[in-house]
Amino acid sequence: VLRLGFTSHNPLTIQNLPKYACPDLTGKPGYWAKALLERYAESNALIHYYFSPNGDVHFGVNGRDKGVFFSGVDTRQPLWCLIDLYGNCTAIELVDMRRSLNNFARSDETTEQDNTNQDEPTQVIDNENIVNRLDELTLNDPNSN
């Protein structure tokens with residue numbers, strides 16, 4: 001399963017990560033996260049989350065907003081995403097939601113015609129924007145130029 005959230009701590013400066021984000025990190029200032037319900041973390045589900053200026057964190061699954069996930073994030077400072085995998089979740093793929101949502105718009109048309117359950121995950125097929133390995137990602141210090 002997944003824990004999703006944000007941190008105001010620059011990942012380049014974090015020396016040691018604890019075993020669990022919740023409660024090990026969320027009990028400290030500058031870390032906000034919550035476990036995603038297992039029913040949303042199915043294989044091939046496309047999950048998105050973001051914060052609003054007032055500090056509410058919203059989430060959605062397969063292009064459908066589900067509402068406020070949690071509140072209280074201090075948005076007056078730079079924030080980084082926090083993702084914690086645990087339990088049966090062994091991998092994630094990061095995708096560009098702006099391009100991936102087109103796949104769901106097309107599948108929604110088919111889904112509505114077939115009268116299938118709207119909360120079932122839809123598989124993203126042939127998406128060239130999938131990041132295959134997290135070690136290919138780089139973190140840039142926003143203060144260095």
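Scroll up for the structure.
Note that the coordinates shown come from a computational prediction; the quantities given were computed from them, not determined experimentally.

S.K.: Can you help me understand the sheet that holds strand β1 (residues 2-7) in this one?
M.R.: Whenever strands of a sheet pair, they do so through backbone hydrogen bonds, lying parallel or antiparallel. Pairing is antiparallel in the open sheet, where three strands are placed in the order β2-β1-β6. Each edge of the open sheet carries a strand with a single partner, namely β2 (31-35) and β6 (80-85). Between one strand axis and the next, the sheet turns through 20 degrees on average, direction left out of account.

S.K.: What is the right way to look at the environment of N54 in this model?
M.R.: Tracing the chain through its elements places N54 in the loop between β3 (47-51) and β4 (57-61). For the pair formed by N54 and D74, sequence separation is 20 residues and the distance between their alpha carbons is 8.1 Å. Of note is the side chain of N54, whose polar atom sits 2.4 Å from the side chain of S52. Engagement of the side chain of N54 in a polar contact is seen with the backbone nitrogen of D56, the distance being 3.1 Å.

S.K.: Help me understand the environment of T13, please; the structure alone is not making it clear to me.
M.R.: Within the fold, T13 resides in the loop between β1 and β2. A distance of 2.8 Å separates the side chain of T13 from the backbone oxygen of N10, its partner in a polar contact.

S.K.: Looking at this structure, how should I read the packing of aromatic side chains?
M.R.: The relation between two aromatic rings is expressed through the spacing of the ring centres and the mutual angle of the planes. Scanning all chains against the criterion turns up five aromatic pairs. Pairing F6 with Y49 gives two aromatic rings, centres 5.1 Å apart and planes at 50 degrees, and the pair type is tilted. Of this pair, F6 sits in strand β1 while Y49 is found in strand β3, placing the two residues 43 residues apart along the sequence. We classify F6 as buried; its relative accessible area is 4%.

S.K.: For this particular structure, what's the right way to read the sheet that holds strand β5 (residues 64-70)?
M.R.: Across the sheet, which stays open at both edges, the three strands sit in the order β3-β4-β5 with antiparallel pairing between neighbours. Edge strands, defined here as strands with exactly one partner in the open sheet, are β3 and β5. Put simply, the sheet's adjacent strands are angled 25 degrees from each other on average, direction ignored. Here five bridges tie β3 to β4, and the two strands are oriented antiparallel to one another. Across the sheet, H48 pairs through a bridge with G60, a residue of β4.

Cut-offs used in this document
- Residues numbered from 1 in each chain as written.
- Predicted model: local features only at pLDDT ≥ 70, side-chain atom pairs only at ≥ 80, totals over all residues.
- Heavy atoms only, no water.
- Pairing = 2+ DSSP bridges.
- Helix = DSSP H or I, 4+ residues; strand = E, 2+ residues; numbered from the N terminus.
- Axes fitted to C-alpha atoms, helices over the stretch in contact; angles between N-to-C directions.
- Polar contact = N/O pair within 3.5 Å; in protein donor to acceptor, adjacent residues only side chain to side chain.
- Phe/Tyr/Trp six-rings, centres within 6.5 Å; stacked < 30°, edge-to-face > 60°.
- Buried < 20%, exposed > 50% of the residue type's maximum accessible area, 1.4 Å probe, protein only.

Take it as geometry only, folks, not as evidence of what the structure does.
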